[in-house]
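# Coordinate analysis (summary)
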Amino acid sequence: MDSDIGKSEDRISKLPDALLCHILSFLSTKNAVGTSILSTRWHNLWTSVPNLDFDDNEFFCEYARLSEERKIEVDSSFQYFMNRVLLLSDAPCFHKFHIKVRNPGHLDLVDTWISAAIERNVQELELRDDVETNVKLPHTIFTSKTLVVLTLWEAFLDVPGSVWLPSLKSLNLHSVKYENEDSLLKLLSGCPVLENLYMVRWILDTLQVLNISVPTLKHLTVIWYRDYFQDEDLEDLDDQGCKLVVDAPQLEHIYLSDYCTDEFLFRNLQSLSKASLFVGSSDLSFIDDGLRIYRLLSGIPNVKFLDAHFSFQTDVDDYMLPTFRNLTELKLGGGGDDSWNLKLLSDFLQCSPNLETLILEGNVLDTSDKSWNPPQEVPSCLLLHLKKIRIQKFSGKNYELRVIGYLLKNAKVLKKMTIDSQNLDDCCCGELAELPRGSKTCQLNLLL
Amino acid sequence: MSSSLEKNMLILRSSDGEEFIVPEVVAVMSKAIKNMVEDECASNTIPVPNVDANILAMVIEFCKKHDESEAEAASDLKTFDSEFVNRGQEALYDLITAANFRDVKELLDALCQNVAEMIKGKSVHHIRIQFLGYQLFEILTSNFIWNIWCDRDFD
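Residues numbered from 1 in each chain as written. Chains lettered and ligands numbered in written order. Predicted model: local features only at pLDDT ≥ 70, side-chain atom pairs only at ≥ 80, totals over all residues. Heavy atoms only, no water.

- An unreviewed UniProt entry lists chain B under the name SKP1-like protein 4, with Camellia lanceoleosa as the source organism.

- Labelled according to an unreviewed UniProt entry, chain A appears under the name F-box/FBD/LRR-repeat protein, originating from Camellia lanceoleosa.

### Quick word on the overall build of chain B
- When helices and strands are counted, chain B shows nine helices and three strands.
- Expressed as a percentage of the 155 residues in chain B, the buried residues total 42%.
- In chain B, the proportion of contacts linking residues at least 24 apart, taken out of those at least 6 apart, comes to 52%.
- Of the roughly 8,600 Å² that chain B leaves accessible, carbon and sulfur atoms contribute 50%. (Helix = DSSP H or I, 4+ residues; strand = E, 2+ residues; numbered from the N terminus. Buried < 20%, exposed > 50% of the residue type's maximum accessible area, 1.4 Å probe, protein only. Contact = heavy atoms within 4.5 Å. Areas by Shrake-Rupley, 256 points an atom, 1.4 Å probe, with all protein chains shown as cover.)

### Description of helix H3 (residues 68-88) of chain A
All names here are of chain A.
- With 21 residues, H3 extends 30 Å from end C-alpha to end C-alpha; this agrees with the ideal 30 Å at 1.5 Å per step.
- By the burial criterion, the buried members of H3 are Lys71, Val74, Asp75, Phe78, Gln79, Phe81, Met82, Val85 and Leu86. The buried side chains of H3 occupy one side of the element, clustering within an arc of 155° when seen end-on. More than 90 degrees from the buried face of H3, the exposed residues found are Glu69, Ile72, Tyr80 and Leu87. (Expected span 1.5 Å × (residues − 1). Arc of directions from axis to C-beta.)

### Here we look at the sheet that holds strand E9 (residues 209-213) of chain A
Residues and elements named next belong to chain A.
- Taken in spatial order, the three strands line up as E9-E11-E13 in an open sheet, and their pairing is parallel. For this open sheet the edge positions go to E9 and strand E13 (263-267), each flanked by a neighbour on one side alone. Sheet twist, expressed as the average angle between the axes of neighbouring strands with direction ignored, equals 5°.
- When E9 meets strand E11 (residues 243-247), the two strands line up parallel, connected through five bridges. Counterpart to Ser213 in the pairing with E11 is Asp247. (Pairing = 2+ DSSP bridges. Axes fitted to C-alpha atoms, helices over the stretch in contact; angles between N-to-C directions.)

### Observations regarding the packing of H3(A) against helix H4 (residues 107-119) of chain A
Residue and element names in this part refer to chain A.
- Following both chains from N to C, one finds H3 and H4 inclined at 15°, their axes separated by 11 Å at the closest point. Overall, the two elements H3 and H4 adopt an arrangement that is roughly parallel. The hand of the H3/H4 crossing is left-handed. Where H3 approaches H4, its residues Phe78, Gln79, Met82, Asn83 and Leu86 are matched on the opposing element by Leu109, Trp113 and Ala116.
- Broken down by class, the residue content of the contact of H3 with H4 amounts to six nonpolar, two polar and no charged. (Parallel < 35°, antiparallel > 145°, perpendicular 65-115°, else oblique. Left-handed = near helix turned anticlockwise from the far one by under 90°. Nonpolar A, V, L, I, M, F, W, Y, C, P; charged D, E, K, R; others polar.)

### Details of the sheet that holds strand E2 (residues 19-23) of chain B
Residues and elements named next belong to chain B.
- In spatial order, the strands read E2-E1-E3; together these three strands make up an open sheet with mixed pairing. The strands lining the two open edges of the sheet, one partner per strand, are E2 and strand E3 (45-48). Pairs of neighbouring strands in the sheet enclose a mean axial angle of 30°, with direction left out of account.
- Note: strand E1 (residues 9-14) against E3, four bridges, orientation parallel. Within E3, the position partnered with Ser14 by the bridge is Val48.
- Those strands touched by helix H3 (residues 53-68) are E1, E2 and E3, and its axis lies near 10° from that of E2.

### Side note on helix H7 (residues 289-298) of chain A
Residues and elements named next belong to chain A.
- Those residues of H7 that fall on the buried side of the exposure criterion are Asp289, Gly290, Arg292, Ile293, Leu296 and Leu297. Buried positions in H7, seen along its axis, are confined to an arc of 160° and lie on one side of it.
- Of the surrounding secondary structure, the elements contacted by the buried residues of H7 are strand E12 (253-258), E13, strand E14 (274-280), strand E15 (305-311) and helix H8 (342-351).

Written as structure tokens, this is what we have:
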């Protein structure tokens, strides 16, 4: 900038309206409207910006410390601002409408503002509600023809009888409360082109059955943890445990991080190519772990990439794995504080005939002593396909060494084994390097 | 394609006649060029009018980095972007115009985001200093009445 001294002129203001509006669209509405007093050039520009982003905290961040009278003043100035912007904005349709509400003062106006945005054919709507009493959504939100992305944080979902969202592609629900068991089902059934569903379930969610049956769904994320410090709230829970049902013939990718659900029922997941599963048994478990593993994995036999982190009781016996014919990349790791599930590893090797890449993630904290019982016959993936192995967080435990020894010896076409032993003080490099290798072209990389 | 030119390479000619040999994958990050290539109305040399050699070189640098860094960590690319767009007004203006004209969305967004950051959370006073540099700063500090400026066009 220094070189501009003396000869500078305001080049930015000379950009055409459309580009200045594009610049303003990266700002919160408060900042964008603020530019109207820069000069007459900027005076009306913000009114054409199709992205609106409001945050009542941006108006007064120390709201909580204000006196009641002052709070009412601050609230009404925010309300006045919202109303004015919605009246003055002349963008033909809103691309984005984001609103974050933290002060309870304007709860009863939020649905009016959202309705106004729906009226203006909004495509991307985000409501973040940090007030304890949850905002109720206006019913017009459920029949918007233009809505493409809907994101709700902590809202209360009371779904009316008729839902029709013909353009909705992405639905993001963060800690949403549902009016009843059918609310979500009703909502999903009115989304004929939904492709992405992202759900973080509320820690006190008591929904017994989460049923996700969406024929067009391509990406699904479900995240659910419970806070057991709030146990007393969970006492009302029915004794049957919770169920997750997914029926999505076009689903390509599933990400599941769920330590609460007891029963997984996957149907019609023939298109699924990538699955990331972080699953463990909850303290409120009603089903034994073998059956859970079976239910979980038997529903996804077509995956190509599987990232499985199970923190079940290790070495459960009573399950069977399907044959993963398409599986080429497998990552196995402990979830939480668990380590390699050796029985599961052995079974996976036998059930994945076309496996090319295997990634094992160890656990440094694990002190248990386990024994590695290799499969009776050398699995065909080791003989024919397995080319890359990566061991992460190797900590030099006996069973880890035995597994590595077995893999090196029997993987006949292995090209590269990488061992990440950054957590290891006393390196057993020599020992590793001397292990007999079944493949002559195998490279061993040690990351120290 | 001329024989000396490797396959999948294109020549871009700036408004002042300088030529740049660029891989096709990089060049087509400009939607305008992509359309020309797809419609097969591009000969081996594509003229890029309204963009001089200096600016064209910058645009190519940006596109190359974004093409290469697919595997790189997103944070590295962010650092590169924020350093790349940190330029004086003159260059910002020319780059925004070029990115808009050639339809390079990633570059346009990075640049506009940068200008937006110059505005974000700042007082009118500060924005004016940023946009006008020293000249206005001097005027403002020599006791001009603010309100006059509020309604005056800088043009």
